[in-house]
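# Understanding the architecture of this molecule
Here is what each chain is made of, one letter per residue.
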Amino acid sequence: MASASSAPSVIVIGAGISGIAAAKTLHDAGVKDIVILEATSHVGGRMRKAEIGGHTVELGANWYLSGGPVPNPIAEIASKLNLKYTLTDNGNLSSNTYKQQGGLYPKEAVEAAQKATAARTDFCAKFSQALNSGAKEDDDISILAAHRLSGSLPETPLERVVEYMNDELTDGEPPELTSLKNVHPRTIGPDHGPLAHFVADPRGYEAIPQYVGEQFLSSINGDPRLQLNKVVREITYTENMVVVQTEDGSTYQANYVIISVSIGVLQSDLIQFKPQLPMWKRVAIADFSMAVYSKIFFQFPHKFWPTGPGTETFLYAHIQRGYYPVWQHLDNEIPGSNILMVTVTYDEAKRMEQLSDKELQAEAMGVLRKMFGEKIPEPESVLTHRWFSDRFYRGSHSNWPRGYSQDRHDKLGAAVGPVYFTGEHLHKKYFGWVSGAYLAGIDTAKSLLKSLEK
Ligand SMILES: Cc1cc2nc3c(=O)[nH]c(=O)nc-3n(C[C@H](O)[C@H](O)[C@H](O)COP(=O)(O)OP(=O)(O)OC[C@H]3O[C@@H](n4cnc5c(N)ncnc54)[C@H](O)[C@@H]3O)c2cc1C
Ligand SMILES: *[C@@H]1O[C@H](CO)[C@@H](O)[C@H](O)[C@H]1NC(C)=O
């Protein structure tokens, strides 16, 4: 550690969970000259609550896992805060999967599709392990290729929606784009646990990054070390100095900068680097994937869907894969709220971002009328966040693309002189997740601290 008189100054860009965790780690290690620059007026980034019909819902991250052999630090903080949640149980989808024209599929038909999906997933895990132990670093294939190798591909709308639920709903991108070697076998479930906690608390999931911030800031609004509404547009760096310029014309100077913006923002032209980042870095940034996963909430005057045990999640099997596929009612979380949430991904999510709320409502009502009949009421409110169009996010979370090597991923995380990088996309195992973002923030701060020792 540098002595107090030569203590370095650090600028952290972004007040999501990774930037906050990085800043706290530096603070705890004695680096006190820190300023966090956040583009929005909000602390928490992609952990963000909103209201619909007077009820709090999560526009971004919603779940955390626990109950497994590897403690999840996010679950520990949630439990310290007594954050309210429900456990999501998707074990009864075989009785809750709807045909395109309406009516439920027979239980046995869904179970057969689920069995085929489970067998494919098992094959993916084993084949990935074989590739990882034998083949060269660049010998990756897509999840779709592994499905082909397994000898069975989903064909019917039912088989495809069941398969969608298994891979694309997590990855946010289709199996033809996603890396087998770096995604299967999936580790976060076995590590952090089988219990999917769905945050349902008026304080929001964002209470977690805000709590972490309050451990070293006097408050999350008003401490001068946290500057909100500061959109970073330019970073000028030399070997041991950075100057950061924001959209409102302010400049900040420090010895180091840690950039925690999403991979989607790094890929955009929002932030200019002077000099330009080296080729190996730009390539590593451009070649990773930013997925799009969107949630749309509808609040109705009364409910017309089944509630009670084993009804929370239901599927809609449209011939166009990914068309309003995964639905969840919030009756368990907020009884009497009459809220439905639908999740869409990738191209369908991008298409839907171009629609107005009214157009979204019309499409969704078409789907809901097939499932629940013509007489259902129109919603009173519609709520979504268009993450892909939002210049401070450009999507929902990272996905590991097919053929992207570990070596390239190391380069994605590597510092360029005094410019350090963090964010969910940099965690080797839990990329895409809040826990990965939190742990990546701590790791980046530690590697900066290590270089100070020299
Ligand atoms: C719809 C959705 C659902 C999700 N569901 C889950 C889930 O259930 N469970 C889970 O674990 N994860 C989920 N995720 C992913 C999770 O939210 C993210 O992995 C995590 O929150 C990312 O944290 P971060 O700190 O890396 O990035 P961010 O939260 O994006 O933080 C980066 C910050 O940088 C700011 N910023 C951007 N550009 C600039 C700039 N130029 N200048 C200054 N500041 C800037 C942003 O405003 C933001 O606050 C979901 C995400 C979305 C969008
Ligand atoms: C499964 O779902 C059906 C249809 O919604 C419901 O009637 C049934 O009670 C559920 N079964 C269990 C075991 O939860």
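These figures come from a predicted structure and were not determined experimentally. (Residues numbered from 1 in each chain as written. Chains lettered and ligands numbered in written order. Predicted model: local features only at pLDDT ≥ 70, side-chain atom pairs only at ≥ 80, totals over all residues. Heavy atoms only, no water.)

Turning to the side chain of glutamate 163, a few remarks are in order. Tracing the sequence through the fold places glutamate 163 in helix H5 (residues 157-166). Polar side-chain contacts of glutamate 163 include one of 3.4 Å to the side chain of arginine 321. Look past the residues within four positions of glutamate 163 in its chain and what remains in contact with it is Thr117, Arg120, His147, Pro154, Glu168, Pro175 and Arg321. (Helix = DSSP H or I, 4+ residues; strand = E, 2+ residues; numbered from the N terminus. Polar contact = N/O pair within 3.5 Å; in protein donor to acceptor, adjacent residues only side chain to side chain. Contact = heavy atoms within 4.5 Å.)

What follows is about the domain arrangement of the protein. Taken domain by domain, the protein consists of domain 1 (10-46 + 206-288 + 402-453) and domain 2 (108-195). One C-alpha centre belongs to domain 1, the other to domain 2; they are set 32 Å apart. Between domain 1 and domain 2, the residue contacts involve eleven residues of the former and 13 residues of the latter. Counting the surface lost from both domain 1 and domain 2, the interface buries some 1000 Å², and carbon and sulfur atoms represent 54% of this. Its largest share of buried area at the contact with domain 2, domain 1 owes to Arg402, Tyr430 and Trp433, together 49% of the area lost on that side. A salt bridge links aspartate 191 to lysine 429, with the shortest nitrogen-to-oxygen separation between them at 3.1 Å. Counting across the domain 1 and domain 2 interface gives six residue pairs in polar contact (both at pLDDT 80 or more). The residue makeup of the side of domain 1 that touches domain 2, split by class, is four nonpolar, four polar and three charged. (Domains from an automatic or database assignment. Buried area = accessible area lost by both parts, 1.4 Å probe. Salt bridge = Lys/Arg side-chain N within 4 Å of Asp/Glu carboxyl O. Nonpolar A, V, L, I, M, F, W, Y, C, P; charged D, E, K, R; others polar.)

As a further point, take the packing of helix H1 (residues 17-28) against helix H9 (residues 207-214). If you want to describe how two helices pack, look at the angle between their axes and the distance between the axes. Interaxial distance between H1 and H9 falls to 9 Å at its minimum, and their mutual angle equals 20 degrees. With respect to H9, the axis of H1 lies roughly parallel. Between H1 and H9 lies a crossing whose hand is left-handed. Where H1 approaches H9, its residues Ile17, Ile20, Ala21 and Lys24 are matched on the opposing element by Ile208, Pro209, Val212 and Gly213. Class assignment of the residues belonging to the contact of H1 with H9 gives a composition of six nonpolar, one polar and one charged. (Axes fitted to C-alpha atoms, helices over the stretch in contact; angles between N-to-C directions. Parallel < 35°, antiparallel > 145°, perpendicular 65-115°, else oblique. Left-handed = near helix turned anticlockwise from the far one by under 90°.)

Looking now at the packing of helix H3 (residues 107-134) against H5. The N-to-C vectors of H3 and H5 enclose an angle of 45 degrees; their axes lie 9 Å apart at closest approach. With respect to H5, the axis of H3 lies oblique. Pair H3 / H5 crosses with right-handed handedness. Every residue of H5 that contacts H3 at Ala109, Val110, Ala113, Gln114, Thr117, Arg120 and Thr121 is listed here: Leu158, Glu159, Val162, Glu163 and Asn166. When its residues are assigned to classes, the contact of H3 with H5 shows five nonpolar, four polar and three charged.

A few words on the site of ligand 1. As a matter of local geometry, ligand 1 sits amid 39 residues, with Ser18, Glu38, Arg46, Trp63 and Val434 nearest to it. Here an oxygen atom of ligand 1 sits 3.4 Å away from a polar atom, N or O, in the main chain of isoleucine 17. In this structure, an oxygen atom belonging to ligand 1 sits 2.9 Å away from a main-chain N or O atom of tryptophan 63. Coverage of ligand 1 by the protein amounts to 98% of the 1000 Å² it exposes when considered alone. Listing elements by their share of the shell around ligand 1, those giving two or more residues are H1, strand S16 (293-299) and helix H15 (434-453). (Near = heavy atom within 4 Å. Areas by Shrake-Rupley, 256 points an atom, 1.4 Å probe, with all protein chains shown as cover.)

Moving on to unusual backbone geometry. Look at the link from histidine 184 to proline 185: it is a cis peptide, with omega at -10 degrees. Its location among the elements puts proline 185 in the loop between helix H7 (180-183) and helix H8 (188-192). Residue lysine 274 is joined to proline 275 through a cis peptide bond whose omega torsion reads 0 degrees. With respect to the helices, strands and loops of the structure, proline 275 is situated in the loop between strand S14 (272-274) and helix H11 (279-287).

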